[in-house]
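# Architecture at a glance
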Amino acid sequence: MNALIDLLRVELRPTSGRASATLRIVITTVLVVIIAMTLEIPEAALAAYMVLFISKEESYTTLQSGLLLILGLTVGIALGLLLNMAFVDMPMARITTMMLVIFAGMWLVRTFLIGPLAFAISFVIMMTMTLADFIPSPELIVRAHLWLWVVIAFPIVLTMLSFVLAPQFSPPQRFRAQLLERLLSCDTALSNQIGVLALKPHAAEPAYWLANHIHALSNLQRLSQKSTVIPSRWRANDSLTLLFRLILLTQQLITASPSSRTAEQQQILLDAHAQLRHLIAELQDNTPLPSSSNAAAEPTPDGDVDFVLSDLSLVLNDLSHLSALANPLEPKPKPALWLADAFSNPEYLQFAFKVTLAAMLCYVLYNLFDWQGIHTCMITCTIIALSSKGATVHRGTLRIVGAIIGGIMGIVTVVFIFPHLQSIVGLVIVVAAGTAIAAWVSLGSERIAYAGLQIGLAFFMCVLQGFGPATDFEIIRDRLFGILLGNVMMALVFSSLWPVYARSQLRQQLQHYLNNVAQVLQQGKLGQQGIALQADLEQASDLAHLQSFETLFSPLAQRQKIAQQQHQLSILQILSPNLALLLRAETTLKRDNLPPDLIAQHQQQLARIGVFLSHLNQGESELSLLEQGLNALKAQTDRVNNALTSTLIQQHRRAFALLANLAETPH
């Protein structure tokens, strides 16, 4: 329970641009509802939901998604209309065609470059081909197709216009806002360390600190490649690498004890904090820093914390003197139209078959019982389908929880608020309040965002049932039952046929991370790979989160293996910043003119750690070699015996203790 509270506290807290994005969604949704009510456009609930569905973090992605959705909608409506005209009186042919469309759409989602477009087309065709089950007249079926285009297209267009008219959602502005948020977050942490702010961070804060920042750094990389308007000094590999180092060092300070810091160390931290404040002022005022070549003073390390402070001062100095001629970000290669194994990997065909089977079983059930209100079970099967069982159960859980919360909000509104409303103004206020809650949740990370969409859809279906006050509770009852039925069907099918588990994906991801870290350690330089490596580790953390949903259906032996994998991941998350500091140590050692033999022994120990990690999951790792290397390094540091070498051996000992813990964990 505490873990859930910690997760919600972090996911629901205000972040850069979240309030303005929520306000934009609320205004656009209210405008859509007013237009739908005034012009009597049917299915106002679906129209309002589309605003939530299409709204992304910044304008480029939203416009791209909007255009693809309108294209997919148009093609899907046209093909659905033609197929209905051909098979409206041929139930078996219509059902067979529906099966083939779902199968093709699910296969293309996994293998095709523009899979979302293929999914949109197949989803629209699937929904239009079910119209003949409850609309008896061909003429009414045609009108339903045309109205469906209007209901979905006009809110998408309004949403796209809201982004075009709001420059703060453009890629350059989002880049600047996210960059500033990263620096301000580090500033808050440093202010707390030096006593400027008397904050007491929650116990869960360090656990989410790095994950949130790495996710934001990945967004910064993505945004920097979408716009050349961003200043070149910030669109450089050097700048993002330095920002990554700043975040790692700040995290180290969060977990350190300020009371153990000497007066000299406190002064170093004060100087570094002043540099960070100067850098933030540059971004806030949008003015360049003076072109000074004076570097910041390089403090002499004194103890473990001071080793971090020394590197922190150097990083901030480098950030303050970034050159416009820094190494630019390398453009990503153009992705292939198809995945390399699209036509050879049977997993994609198996995935498409499983989704099709679950969806068609739901279709047969709700038609067998003549219960059209639970058609959401079929929709659920296609929407929550993801690559692994854990991911599917996670998406299904968010769908259920979101629908329940939205349903409760809608029922409370219908019972206690609607009887007192006299005009559309009251309806607008109610819709705005419900939309604000749903939008705020949907703007969180992938761990909770989908629940926000479901809160909005369930709420809209309760309060926007027609062109008058809503009084029918059967809609939300049927919808919730349909969602539950769809989730149960997907869980049964995905558990019975060719199950794909998140734990196997986590194992592969961890091995991929270990191989990459081993390569970096053997080279002895972190370079510009730090963000990518940490992003790999955070992706493994996401898989571990999905894996937790599989423990509900796993036997005891598998739950033990899952616990072992998660323990291994937790150790690697602690080890990662430690290794980053050791990789940076060479620069400090050379700067202080320490003996070449000591530096060489340090590099050899890093290479040994790399070999150890690359063989970790194969059961071939030998801890004795690391221990011998540590003793040899200790002999070298004892000959020098100063504060810097003491810090160095402490970091290596810490790494060795973590690696020994890894070696003891069953693999």
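Just so it is clear, the model here is predicted, and its values are computed rather than measured.

Applying the stated rule across the entire model yields five salt bridges. Residue E347 pairs with R110 through a salt bridge whose shortest N-O separation is 3.5 Å. Taken together, the positions of E347 in helix α13 (residues 346-368) and R110 in helix α5 (residues 91-111) put the pair 237 residues apart, joining distant regions of the chain. Between D638 and K634 there is a salt bridge, with the nearest N and O atoms lying 2.8 Å from each other. One end of the pair is D638 and the other is K634, both in helix α23 (residues 623-640) and four residues apart, which spans about a single turn. Overall, the relative accessible area of 43% leaves D638 in the partly exposed class.

Within the secondary structure, V51 sits in helix α3 (residues 44-54). C-alpha of V51 to C-alpha of A439: the two residues are 388 residues apart in sequence and 9.6 Å apart in space. Among residues more than four places away in sequence, those in contact with V51 are I25, T28, T29, V32, P155 and T159.

Phi is positive for E43, which is not a glycine, with a value near 55°. Of note, D370 is a non-glycine position whose phi angle comes to about 50°, a positive value.

Turning our attention to the side chain of N578. Within the secondary structure, N578 sits in helix α21 (residues 556-591). Note on N578: relative accessible area 3%, which makes it buried. Sequence-distant contacts of N578, defined by excluding residues within four places in its chain, comprise Q651, R654 and A655.

To continue, consider the nonpolar core. In terms of nonpolar packing, the biggest core is built from 49 residues, with V33, L52, I156, L427, F460 and L464 touching the most fellow members. Counting only elements with at least two residues in this core, the list comes to α2 (18-39), α3, α4 (59-87), α7 (138-164), α15 (389-417), α16 (424-442) and α17 (449-463). Contacts of F460, omitting those with residues within four sequence positions, involve T29, A45, A48, Y49, L52, V431 and T435. Judged by nonpolar contacts, the second largest core, of 43 residues, contains V520, L582, L626 and I649.

A few words on the side chain of D187. Tracing the backbone through its elements, the reader meets D187 in helix α8 (residues 171-194). Within the structure, D187 has its side chain in polar contact with the side chain of H273 (distance 2.8 Å). Polar side-chain contacts of D187 include one of 2.6 Å to the side chain of R277. Residue contacts for D187: discarding those within four places in its chain leaves H273, L276, R277 and I280.

Here is what the cut-offs are and how they apply
Residues numbered from 1 in each chain as written. Predicted model: local features only at pLDDT ≥ 70, side-chain atom pairs only at ≥ 80, totals over all residues. Heavy atoms only, no water. Salt bridge = Lys/Arg side-chain N within 4 Å of Asp/Glu carboxyl O. Helix = DSSP H or I, 4+ residues; strand = E, 2+ residues; numbered from the N terminus. Buried < 20%, exposed > 50% of the residue type's maximum accessible area, 1.4 Å probe, protein only. Contact = heavy atoms within 4.5 Å. Core = buried A, V, L, I, M, F, W, Y, C linked by side-chain atoms within 4.5 Å. Polar contact = N/O pair within 3.5 Å; in protein donor to acceptor, adjacent residues only side chain to side chain.

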